[in-house]
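# Inside the fold
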Amino acid sequence: EDQVTQSPEALRLQEGESSSLNCSYTVSGLRGLFWYRQDPGKGPEFLFTLYSAGEEKEKERLKATLTKKESFLHITAPKPEDSATYLCAVQIAGGTSYGKLTFGQGTILTVHP
Amino acid sequence: NAGVTQTPKFQVLKTGQSMTLQCAQDMNHEYMSWYRQDPGMGLRLIHYSVGAGITDQGEVPNGYNVSRSTTEDFPLRLLSAAPSQTSVYFCASSYSLAGFEQFFGPGTRLTVL
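Summarised in this report is the structure supplied together with it. (Residues numbered from 1 in each chain as written. Chains lettered and ligands numbered in written order. Predicted model: local features only at pLDDT ≥ 70, side-chain atom pairs only at ≥ 80, totals over all residues. Heavy atoms only, no water.)

### Points about the overall build of chain A
- Assigned secondary structure in chain A consists of 0 helices and 11 strands.
- Reading the secondary structure of chain A in the N-to-C direction produces β-β-β-β-β-β-β-β-β-β-β.
- Over its C-alpha atoms chain A spans a radius of gyration of 14 Å, differing by no more than 12% from the 13 Å that the globule rule assigns to 113 residues.
- Taken along the three principal axes of its C-alpha coordinates, chain A extends 45 × 30 × 20 Å.
- Within the span of chain A, comprising 113 residues, buried residues form 45% of the whole.
- Computed over 12 positive and 14 negative side-chain charges, the separation of the two mean positions in chain A equals 4 Å. (Helix = DSSP H or I, 4+ residues; strand = E, 2+ residues; numbered from the N terminus. Rg over C-alpha atoms; globule rule 2.2 N^0.38 Å. Buried < 20%, exposed > 50% of the residue type's maximum accessible area, 1.4 Å probe, protein only. Lys, Arg positive; Asp, Glu negative; His and termini not counted. Charge placed at Lys NZ, Arg CZ, Asp CG, Glu CD.)

### Focus: the sheet that holds strand E1 (residues 3–7) of chain A
Residue and element names in this part refer to chain A.
- On the basis of which strands lie adjacent, the open sheet formed by 5 strands has the order E1-E3-E8-E7-E6 and antiparallel pairing. Each of the sheet's edge strands pairs with one partner strand only, and the pair in question is E1 and strand E6 (56–59). The mean angle between the axes of side-by-side strands here comes to 15°, regardless of whether they run parallel or antiparallel. (Pairing = 2+ DSSP bridges. Axes fitted to C-alpha atoms, helices over the stretch in contact; angles between N-to-C directions.)

### Some remarks on the environment of serine 49 of chain B
Residues and elements named next belong to chain B.
- Along the chain, serine 49 turns up in strand E5 (residues 42–51).
- Assessed through its relative accessible area of 0%, serine 49 is described here as buried.
- In this view, serine 49 contacts Glu30, Tyr31, Met32, Ile54, Thr55, Arg68 and Phe74; residues no more than four positions away in its chain are not counted.
- Within the structure, the side chain of serine 49 is placed 2.6 Å from the backbone oxygen of isoleucine 54, a separation counted as a polar contact. (Contact = heavy atoms within 4.5 Å. Polar contact = N/O pair within 3.5 Å; in protein donor to acceptor, adjacent residues only side chain to side chain.)

### Observations concerning the interface of chain A and chain B
- Between chain A and chain B, the residue contacts involve 20 residues of the former and 20 residues of the latter.
- Here chain A packs against chain B, burying approximately 1,600 Å² in sum over the two surfaces, 55% of which is carbon and sulfur.
- Joining chain A to chain B, the criterion identifies 0 salt bridges.
- Elements that contribute at least two residues to the side of chain A that touches chain B include exactly strand E4 (30–38), strand E5 (45–50), strand E9 (84–92) and strand E10 (101–103) of chain A.
- Per-element accounting of the side of chain A that touches chain B gives the leading share, 4 residues, to E4 of chain A. (Buried area = accessible area lost by both parts, 1.4 Å probe. Salt bridge = Lys/Arg side-chain N within 4 Å of Asp/Glu carboxyl O.)

### Quick word on the packing of aromatic side chains
All names here are of chain B.
- As enumerated under the stated definition, the model contains 10 aromatic pairs over all chains in all.
- With a centroid separation of 5.8 Å and an interplanar angle of 35°, the aromatic rings of tyrosine 31 and tyrosine 48 are classed as tilted. In this pair, tyrosine 31 sits in strand E4 (residues 31–38) while tyrosine 48 sits in strand E5, placing the two residues 17 residues apart along the sequence.
- The class of tyrosine 31 is buried, set by a relative accessible area of 0%.
- Assessed through its relative accessible area of 12%, tyrosine 48 is described here as buried. (Phe/Tyr/Trp six-rings, centres within 6.5 Å; stacked < 30°, edge-to-face > 60°.)

### Regarding the nonpolar core
- Grouped together as the largest cluster of nonpolar side chains are 24 residues, with contacts concentrated most on Leu33, Trp35, Leu73 and Tyr86 of chain A.
- Of the residues forming this core, the biggest block, 5 residues, is contributed by E9 of chain A.
- With 19 residues, the next largest nonpolar core counts Met19, Met32, Trp34 and Val66 of chain B among its residues. (Core = buried A, V, L, I, M, F, W, Y, C linked by side-chain atoms within 4.5 Å.)

### A closer look at the pairing of E6 of chain A
- Relative to strand E7 (residues 62–66) of chain A, E6 of chain A runs antiparallel, the two being bridged by 4 bridges. Across the sheet, the residue bridging to lysine 57 of chain A is alanine 64 of chain A, located in E7 of chain A.

Dropping the structure here:
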């Protein structure tokens, strides 16, 4: 069964304290791994797509990396406005699940000033 | 572009009532989907559509109906609401079925009493 596990469940950082969020996945064949940010009361907002092991993408203070079994979202010198829930999702290649996104539970990030 | 829009934002129903959650997108996306988000369960796929006139079930389709008569609209119908359908519902769209990021709407918070 396809599984996506995110850790930690919650992370509290001081402003400027860099850290990483983890997304481990077990799937039959990966078409893509997606990172989203979700603010309270809003829909998920797309951040990155990673397609193959070794790929990296960056946006402002965020950097996403991918290996064959996990992805990391690195946050460098975070600011309070980076506080949100970060969701990881995988899309399977082929089979009956084709196109469907399987989400992890999310990591709640809180950045204190 | 308005992106993905959903109405209503909030809704309270009594057990047994029916209603339709509206979803529209103005990006000419072929792929549209409905998810529900519950605490501790993450986002789960209800139904999806790969184009006008084509729909299919996701992982939690029971109690829900969909149709796709136009590219823009993808309504979700609750046939006979149950308390177990209390959740936050998100509609999403993407350019194509596989490998492309999905853009989410702002969500509908539904309570069934």
